Amino acid sequence: RAAQWRGIDIYGWKLSFNSPVILSLALLASIVRAADALFPQRIMIYFAVPPLDQVQYVGGEGYVFRLLSHILGHADGNHLFGNLSILLLVGPLLEERYTSKTLAALMALTGVVEGALHTVAASGWLMGASGICFMLIVLSSFSGFREKEVREMALTRARAAAC
């Protein structure tokens, strides 16, 4: 089960949420976007992964931090809105199913691998949570399977390949 924040009471209303990882990511990404709007070209450099030809040396100038922080930076409001739409629609259901700790680990792993591969293989800067959104979509497609169904599908495909 997802970790549930105990919440606080505000004038008799209890504020709590059951998907802290997804909602924290959404809140942090929104804060970074707002900060970039207030201080243009000062904030976003820390929330984007540069291509290899613009990295002086891998591991320098906050490169390791950027491998994970790029999921918080977004090019504009439309980019943020698109990613938040998928995150907030699919994410809470998956966080409940796979636990907060597991989903946070998968998101961190996806962000780091995506950032490292982008550095080596692409020519532009990388920012945004699109890789995380893709991971959530793929994960949601597997969440409907039962263990037996997955094994039966694998056996059926193996038999078909053998014929």
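Residues numbered from 1 in each chain as written. Predicted model: local features only at pLDDT ≥ 70, side-chain atom pairs only at ≥ 80, totals over all residues. Heavy atoms only, no water.

Undergrad: Just checking my understanding: could you explain the overall build of the protein for this structure?
TA: What the protein contains, in helices and strands, is six helices and two strands. Shown N-terminal to C-terminal, the secondary structure of the protein runs as helices and strands in the order β-β-α-α-α-α-α-α. For the protein, restricting intrachain contacts to residue pairs at least 6 apart in sequence, the fraction spanning at least 24 positions comes to 71%. Taken as a whole, the protein presents about 10500 Å² of accessible surface, with 65% of it coming from carbon and sulfur. (Helix = DSSP H or I, 4+ residues; strand = E, 2+ residues; numbered from the N terminus. Contact = heavy atoms within 4.5 Å. Areas by Shrake-Rupley, 256 points an atom, 1.4 Å probe, with all protein chains shown as cover.)

Undergrad: Where do I start with the packing of helix H3 (residues 77–98) against helix H5 (residues 130–142) in this structure?
TA: Axis separation between H3 and H5 bottoms out at 9 Å; the angle between their running directions is 40°. Relative to H5, H3 is oriented oblique. Considering how the two elements wind past one another, H3 and H5 form a crossing that is left-handed. Of H5, the residues touching H3 (which contributes His 79, Asn 83, Ile 86, Leu 87, Val 90, Gly 91, Leu 94 and Tyr 98) are Ser 130, Ile 132, Cys 133, Leu 136, Ile 137, Leu 139, Ser 140 and Phe 142. (Axes fitted to C-alpha atoms, helices over the stretch in contact; angles between N-to-C directions. Parallel < 35°, antiparallel > 145°, perpendicular 65-115°, else oblique. Left-handed = near helix turned anticlockwise from the far one by under 90°.)

Undergrad: Looking at this structure, how should I read a nonpolar patch on the surface?
TA: Together, Ile 45, Tyr 46, Phe 65 and Trp 125 give the surface a local cluster of nonpolar side chains, amounting to about 420 Å² of exposed area. The topology assignment puts Tyr 46 in the loop between helix H1 (20–38) and helix H2 (63–69). Judged by its relative accessible area of 48%, Tyr 46 falls in the partly exposed class. (Patch = residues over 30% accessible without salt bridge, like charges linked within 9 Å, V, L, I, M, F, W, Y side chains within 5 Å. Salt bridge = Lys/Arg side-chain N within 4 Å of Asp/Glu carboxyl O. Buried < 20%, exposed > 50% of the residue type's maximum accessible area, 1.4 Å probe, protein only.)

Undergrad: When you look at the packing of H1 against helix H4 (residues 100–121) in this model, what are you seeing that I'm missing?
TA: Each packed pair of helices is defined by two parameters, the angle between the axes and the distance between the axes. It is at 9 Å that the axes of H1 and H4 come closest, and there the two elements cross at 45°. Taken as axis vectors, H1 and H4 run oblique relative to one another. Across from Pro 20, Val 21, Ile 22 and Leu 25 in H1, the residues of H4 making contact are Ser 100, Leu 103, Ala 104 and Met 107. Taken together, the residues that form the contact of H1 with H4 break down as seven nonpolar, one polar and no charged. (Nonpolar A, V, L, I, M, F, W, Y, C, P; charged D, E, K, R; others polar.)

Undergrad: Hey, could you run me through unusual backbone geometry in this one?
TA: The general pattern is negative phi for most residues beyond glycine and trans for most peptide bonds. Despite not being glycine, Gln 41 has its phi angle at roughly 60°, a positive value. Among the structural elements, Gln 41 can be located in the loop between H1 and H2. Unusually for a residue other than glycine, Thr 99 sits at a positive phi of about 80°. You can see Thr 99 is positioned in the loop between H3 and H4. With relative accessibility at 24%, the residue Thr 99 sits in the partly exposed group.

Undergrad: Hey, could you run me through the environment of Asn 83 in this one?
TA: Within the secondary structure layout, Asn 83 lies in helix H3. Judged by its relative accessible area of 6%, Asn 83 falls in the buried class. Taking the C-alpha atoms as reference points, Asn 83 and Phe 134, separated by 51 residues in sequence, lie 9.7 Å from one another. Excluding its chain neighbours within four sequence positions, the residues that come into contact with Asn 83 are His 74, Gly 128, Ala 129, Ser 130 and Cys 133.

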